[in-house]
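# Structural features, examined
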Amino acid sequence: MESLEEIKTRVEAAVPGADISIIPNPGPANQPSLLIDNEHAPHVARFLRDDPALRLDHCSNVTGVDWLDRTVTKKVKVKKLVEGEEKEVEETHEEFFPGYLESVYHLYSMALKQGPVIIRMRTADRGEGARLPSLTPVYRSADFQEREIFDLYGIRFDGHPDLRRILMWDEFEDYPMRKDYREPDDYEYEPTPHDDVLEKAKQHYSTRPQLDGAEELTAQE
Amino acid sequence: MNMSSRAERSVVEGPRDGTSPVIPRDPSTALGMTTRLDGELLEVSMGPQHPSTHGVFRMNVALDGETVVKLKPVFGYLHRNHEKIGENTSYLGSMPYTDRLDYFCSLTNNWAYALSVEKLAGIEVPERAEYLRIILAELTRLQNHASLLGFLLSDMGAWGTPLMYAFREREKILDLFESLAGSRMMCDYMRFGGCRVDAGPDWIGRAKKVLDAFPRFLDEFEKLLVSNEIVIARTQHIGKLTADLAISAGITGPMLRASGVNYDLRKVDGYGFYPRFKFRVPLGDHGDTYDRLMMRVLEMRESIEILKQAFEQIPAGPVMNPKVKLRSFRPPVGEAYGRIEGPKGELGFYLISDGSSNPYRYRVRPPSFINLTILEDLCLGHTVADVMVILGSVDIVMGEVDR
C-alpha cells in the first residue's frame, strides 16, 4: 500500500480545501494516523472508500479519546541584566494546551486486503463545541459505534441518522468515559427512569461537591 | 423500568384511538405502515428476559400481524464500562477481565489483548507459545461453534437434545482448558510475550484424543442439520444479507463469509503462525441463515485440520519471553490496534500508552456488538419466530455487546 504521505497528497488533490496533517506514532507499532479537518471529513472518507488504489471499504473500529487541558512547564535559561550585570537566569514558562475530544477510525480494505489507514477528527473543545460530522452515511458500521461515543464521551455527530444513548439509559446525565468524570457518591441516588428517583437525583447533583472542592472538604474535617 | 420515558417508545407513530391513520403504504420504506383494517401496528418489547435472546438483550419490534416492520435493538443491561475499568487498571490487570467479555471464548479474548499489547510494546513471542495459542484458539472456535449450533436448534424448537449433544463435546474441550489453565471458562492463560504455563506432553496427548473423537460428533450433527426438513424450512431464504451491506456495516467473521466475502484475518493479517498452516476459508452463496449455520460446521472442519497440523508441528522450548517484566510493565508512548479472527468475528483492542503503567485509552472492538448493526435489515419482512432464529445465527454474547 502507498505510504501515508502519498495518500495525504492524493487526498488533498482530490478534495480541494481539505486540511490534513499526519500524526506520528512514536511507539513500535508504527501506526501513524491522518488528522482530518471536520468540514471535509465526509468527503475525505468517501474518497478513501471509493479510490481504486485504496478501496478502504471496511471501517473496522471507531472510538473516542479524551484529551484533557494540560499545562507544560518548561525551564528556560535566559540572559538577563541583573543589577547592571548580565547573568544567566532560569525562568519557568508555562504553556497551556486546551483539551479536546477525538474520534479515531481504523479503515481497512476488504477488497484489496490492505490497511490500516487511521483517520482522526478533533473537536473544538470539550464543552459546547464537542461536535463532529458523522461518517455513518459513508460507513454503516460507524452507526452503533458513533452512538457509543456520543453516549460515553458526549461528542455530537452531525448527520447521524439516529443519535441516542446506546449503553447508558436515556436519562443519564454525564459522560462516563471522560477523564474528569466523577462517579456519584452514592449509587442509591443514581438516576433511573423512575420519577421519584429522578427528583432525588436532581437534589443529589446540585449538592454534589466538585472535584477540587471535595479535597478541601476532607481537609477541613 | 418505566418504558414510557424512553425515546424508543415511539417506534410506532400514528393515532392509537382506533381510527385508521391515513398513511400511504410505501413498499420502499419499512415504515410504510399498515393495510390492516383496524390500522394498528402491534408494538412488542421482546426481552430482556427472554430465553431466546441469549442474555439480557431487548428488541422493540413493531409488528403488522406476524410480520416485522420495524425493529430497534436495545442493550446496555450488562454494561459495566469495561473500558473505563481497563484505563484504571494496569496492563496485566486487564488480562483476566478480558475473559469476561465473551465468556464463551475467553482464550481468544486473551490472545487479542496480548497481541495488541505486544504490538504496542514491540514484544516477541516464543515459538512454542505461538503454537499453544493457535491450538487453544482453534479449540475455542470448535466449542463456540458447536454450542452456537446447539443454541440455534434450541431456538428453532428442538428443545434440549441438540444442545446437550453440543455441550457434551464442549465439556471435553472445557476439561482440557481446566487442566491447562485451572479454569473452565475464565482461563486467563495468555500473557504479553507468551503463555502463563506450559502444556505437558500428557496434555497434548489428551487433546489429541479429544480431537480424534470430534469428527464423529460433527458428522452426526451435520447429518441431523443438513437434511432436516424443519431446519431447511426455518432457515433457507430467511434473513438474507448481501455482500455489499455486510462490508459497509463492518460485519466480520462467519457471518461475513456466509455472504460470500473472502475475508479471514487468519489469512489476511497472518498473525501468529497461521501462514504456516494449510486450511481453507469456507464461503457461502446466499447469505441466509442456513448459510450462516453451515458456515460454522465447515469452519469446525477447517479448525480440526489446523489442530492436527499444530499437534504435529509444535516444538519444545520456553513459552514465555524472559525479557518481559509483567509486574512493572510500562510500554513506550504510542498507540496500537491489534485484531484477531475470533470465533464471532474481528476482535480488536486499541490501546494508547502515555508511558505509565495503565493504558491511557483501552478500547475493545467487539464483533458481536457491530454485527448487530444490521439486525433490523435482516429481520424486516420476516415473522417474529424468524427473528429469534436470525438473532441466533448472528451469534452474540451480551458480555461482549454491553461490556
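Conventions we followed
- Residues numbered from 1 in each chain as written.
- Chains lettered and ligands numbered in written order.
- Predicted model: local features only at pLDDT ≥ 70, side-chain atom pairs only at ≥ 80, totals over all residues.
- Helix = DSSP H or I, 4+ residues; strand = E, 2+ residues; numbered from the N terminus.
- Expected span 1.5 Å × (residues − 1).
- Buried ≥ 20, exposed ≤ 12 C-beta atoms within 10 Å, placed from the backbone.
- pLDDT = per-residue confidence, 0-100.
- Contact = placed C-beta atoms within 7 Å.
- Pairing = 2+ DSSP bridges.
- Axes fitted to C-alpha atoms, helices over the stretch in contact; angles between N-to-C directions.

### What about helix H4 (residues 127-155) of chain B?
Residues and elements named next belong to chain B. With 29 residues, H4 should cover 42 Å at 1.5 Å per step; its first-to-last C-alpha distance of 42 Å lies within 8% of that length. Counting buried positions over the 29 residues of H4 gives 25, a clear majority of the element. Gly 157 occupies a position one or two residues after H4 and carries a positive phi of about 110°.

### So, the confidence of the model for chain A
Mean pLDDT over chain A: 82, with 85% of residues reaching 70 or higher. Segment residues 211-221 of chain A is flagged for pLDDT under 50; beyond a separation of four residues in sequence, or across chains, it makes four contacts in the model.

### Quick notes on the sheet that holds strand E8 (residues 361-365) of chain B
Residue and element names in this part refer to chain B. Ordered by their spatial adjacency, three strands build an open sheet running E6-E7-E8, and the pairing between neighbours is antiparallel. One side of each edge strand has no neighbouring strand; the edge strands of this open sheet are strand E6 (334-342) and E8. Put simply, the sheet's adjacent strands are angled 10° from each other on average, direction ignored. By the bridge criterion, nine bridges tie E6 to strand E7 (residues 345-353) in an arrangement that is antiparallel. Pairing of Gly 334 across the sheet is with Ser 353, part of E7.

### A look at the sheet that holds strand E7 (residues 114-122) of chain A
Residues and elements named next belong to chain A. Strand order in the open sheet formed by five strands is E1-E2-E7-E6-E3, and the pairing between neighbours is mixed. The strands lining the two open edges of the sheet, one partner per strand, are strand E1 (20-23) and strand E3 (58-67). Within the sheet, the average angular offset between the axes of one strand and its neighbour, ignoring direction, is 25°. Strand direction decides the pairing type here: E1 and strand E2 (residues 33-36), joined by four bridges, are antiparallel. Bridge pairing in E2 links Ile 23 to Ser 33. Together, E3 and strand E6 (100-109) form the strand contacts of helix H3 (residues 142-153), whose direction differs from that of E3 by roughly 10°.

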